[in-house]
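Listed here are the chains, written in short residue letters.
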Amino acid sequence: MAYALPLHQHGKSKVRLGRVWRDGNVHHMVEWNVNTMLESDMEHAFFKGENTGMTATDTQKNTVYVVAQRMSQKCTVEQFAIALAQHFVLTYPLVSKSKVYVEQKPWNRVQMGGLPHDHGYALAGTEVRTAYVTYDKAGKLEVTAGLKELSLLKTTQSGYEGFLRDEYTVLPEVNDRIMASTVTCTWKYTNQPTCYDAAFAAAKSALLDAFLGPAKGGVYSPSVQYTLYNMAKNLLDRVPQSESVFLNMPNLHFIPVNPVGSKFNNDVYVATSEPHGNIEAVVTRRGMIPHAKL
Ligand SMILES: O=c1[nH]c(=O)c2[nH]c(=O)[nH]c2[nH]1
């Protein structure tokens, strides 16, 4: 006995991508999380196990990257979703309706000293300020200030070369890549600042400046490790009351995509959060005792 099939559809979920448009030195970047769903005359797949004419969800995923690449001018999330939705219906005769849902991450261009940064972005509204305080009977006060979930990204001025190669290494050496991280940082005060807000602001801008470099041109990073050290160093330079800095920086990979043989043109990337690199260190003034990771 054949039962009714009043609804069926198939699609791909959570296709995450980064799209960068390069206008000379000024880059425009978006990160999208795309879900596709196709309604189609595919009853025979359910009833008979025949896949003839089916647009595979893997094909749908590749198409997400291809259409993102075809958007040659900087576009809105709506314009991209329309182009993708129309592509499915206009390309595949059995597809009667396409449904495309896209979420855009709130990456905002960083303003540095009042100037928009050429290629530096920060995620809006995610950063958390932290304070860890201990006080003992002898009157000893220890204050460790910090921040976490500060997401930073730059679309260029980052590379990774010269690392050990053996039979387990497949990673190509690159001198231009996206670098993105969600920074956790704590710094311990030897002397208490007169204004914690001002010290926090100085610390945060020290981190941002070392990660991104100047608004025009940025600064080259040969590794997350080097940038991390320079962020900590900048903080110790600019916050004289601090004695040691702990930094944790996941390396959130944006992997170049060549959708269906098309050439990667520094434009479309698979946006990933797992697995990710994880780099951390404690940097202190000479003679100072490092504070524990909190
Ligand atoms: O900046 C980097 N540091 C690493 O330790 C590392 N490892 C890796 O695979 N890519 C990178 N990038």
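Residues numbered from 1 in each chain as written. Predicted model: local features only at pLDDT ≥ 70, side-chain atom pairs only at ≥ 80, totals over all residues. Heavy atoms only, no water.

1. Some remarks on the site of the ligand
For the ligand, the full set of nearby residues is Tyr160, Leu171, Arg177, Ser223, Val224, Gln225 and Asn251. Residue Arg177 places a side-chain N or O atom 2.9 Å away from an oxygen atom belonging to the ligand. In the environment of the ligand, a nitrogen atom lies 3.3 Å from a nitrogen or oxygen atom belonging to the side chain of Asn251. Relative to its unbound accessible surface of 290 Å², the ligand loses 74% to contact with the protein. Of all the cavities here, the one that holds the ligand is the largest pocket. Residue composition of the shell around the ligand, grouped by class: three nonpolar, three polar and one charged. (Near = heavy atom within 4 Å. Polar contact = N/O pair within 3.5 Å; in protein donor to acceptor, adjacent residues only side chain to side chain. Areas by Shrake-Rupley, 256 points an atom, 1.4 Å probe, with all protein chains shown as cover. 1 Å grid on protein atoms, 1.4 Å probe; cavity = no way out; pocket = protein on both sides within 12 Å on 5 of 7 lines; lining within 4 Å. Sits in = over half its atoms within 2 Å of the grid points. Nonpolar A, V, L, I, M, F, W, Y, C, P; charged D, E, K, R; others polar.)

2. Side note on the packing of aromatic side chains
By the definition in use, this model includes six aromatic pairs. When the centroid spacing of 5.2 Å and the interplanar angle of 80° are considered together, the rings of Phe264 and Tyr269 count as edge-to-face. Here a set of aromatic residues connected by ring pairs shows up, and it is made of Trp21, Trp32 and Phe80. The ring of Phe200 carries Arg129 above its face, with NZ or CZ at 4.4 Å from the centroid. Here the basic side chain of Lys154 rests over the ring of Phe211, its NZ or CZ set 5.9 Å away from the ring centre. (Phe/Tyr/Trp six-rings, centres within 6.5 Å; stacked < 30°, edge-to-face > 60°. Lys NZ or Arg CZ within 6 Å of the ring centre and 35° of its normal.)

3. Remarks on the UniProt feature "binding site: O2" (unreviewed entry) in the protein
Residues annotated in UniProt with the feature "binding site: O2" (unreviewed entry) correspond here to Thr57 and Asn251. Sequence-wise these annotated residues cover 195 residues; spatially they are dispersed, their C-alpha atoms as much as 28.8 Å apart. Within the annotated group, the residues that form the lining of the largest pocket are Asn251. Position of Thr57 among the secondary structure elements: in helix α2 (residues 57–70). The partly exposed category is assigned to Thr57, whose relative accessible area is 24%. Residues contacting Thr57, with those up to four places away along its chain left out, are His10, Gly11 and Lys12. A polar side-chain atom of Thr57 sits 3.1 Å from a polar atom in the side chain of Lys12. Those residues in contact with Asn251 that lie beyond four places of it in its chain are Arg177, Ala180, Val224, His276, Gly277, Asn278 and Ile279. (UniProt positions renumbered as here; feature names shortened; annotations may be inferred. Helix = DSSP H or I, 4+ residues; strand = E, 2+ residues; numbered from the N terminus. Buried < 20%, exposed > 50% of the residue type's maximum accessible area, 1.4 Å probe, protein only. Contact = heavy atoms within 4.5 Å.)

4. Comments concerning a nonpolar patch on the surface
A grouping of Val133, Tyr135 and Leu141 is seen on the molecular surface, where their side chains present a nonpolar patch of about 330 Å² in accessible area. Counting through the fold element by element, Leu141 comes out in strand β7 (residues 141–154). For Leu141, a relative accessible area of 41% gives the class partly exposed. (Patch = residues over 30% accessible without salt bridge, like charges linked within 9 Å, V, L, I, M, F, W, Y side chains within 5 Å. Salt bridge = Lys/Arg side-chain N within 4 Å of Asp/Glu carboxyl O.)

5. Section: the pattern of salt bridges
Applying the stated criterion to the full structure yields 10 salt bridges. Salt-bridge contacts for Lys140 lead to Glu142; the nearest nitrogen and oxygen are separated by 3.2 Å. With a closest N to O distance of 2.9 Å, Asp209 and Arg238 form a salt bridge. Of this pair, Asp209 sits in helix α4 (residues 196–212) while Arg238 sits in helix α5 (residues 224–238), and the two are 29 residues apart along the sequence. A relative accessible area of 24% places Asp209 in the partly exposed class.

6. Here we look at the nonpolar core
Counting residues in hydrophobic clusters, the biggest one holds 35 residues, and the most contacted among them are Val183, Cys185, Trp187, Leu235 and Leu247. Within the residue set of this core, elements represented by two or more residues are β4 (107–112), β7, β8 (179–189), α4, α5, β9 (242–251) and β12 (277–284). Top element by residues in this core is α4. It accounts for nine residues. Of all hydrophobic cores here, the second largest spans 22 residues; its members include Leu17, Trp21, Trp32 and Leu84. (Core = buried A, V, L, I, M, F, W, Y, C linked by side-chain atoms within 4.5 Å.)

7. Quick notes on the packing of α2 against helix α3 (residues 77–91)
Where α2 meets α3, the axes come as close as 10 Å, and the angle between the chain directions of the two elements is 130°. Judged by the inter-axis angle, α2 sits oblique to α3. Crossing hand, α2 versus α3: right-handed. Two secondary-structure elements touch here, α2 through Gln60, Thr63, Val64, Val67, Ala68 and Arg70 and α3 through Phe80, Ala83, Leu84, His87 and Phe88. Of the residues in the contact of α2 with α3, the class split is seven nonpolar, three polar and one charged. (Axes fitted to C-alpha atoms, helices over the stretch in contact; angles between N-to-C directions. Parallel < 35°, antiparallel > 145°, perpendicular 65-115°, else oblique. Left-handed = near helix turned anticlockwise from the far one by under 90°.)

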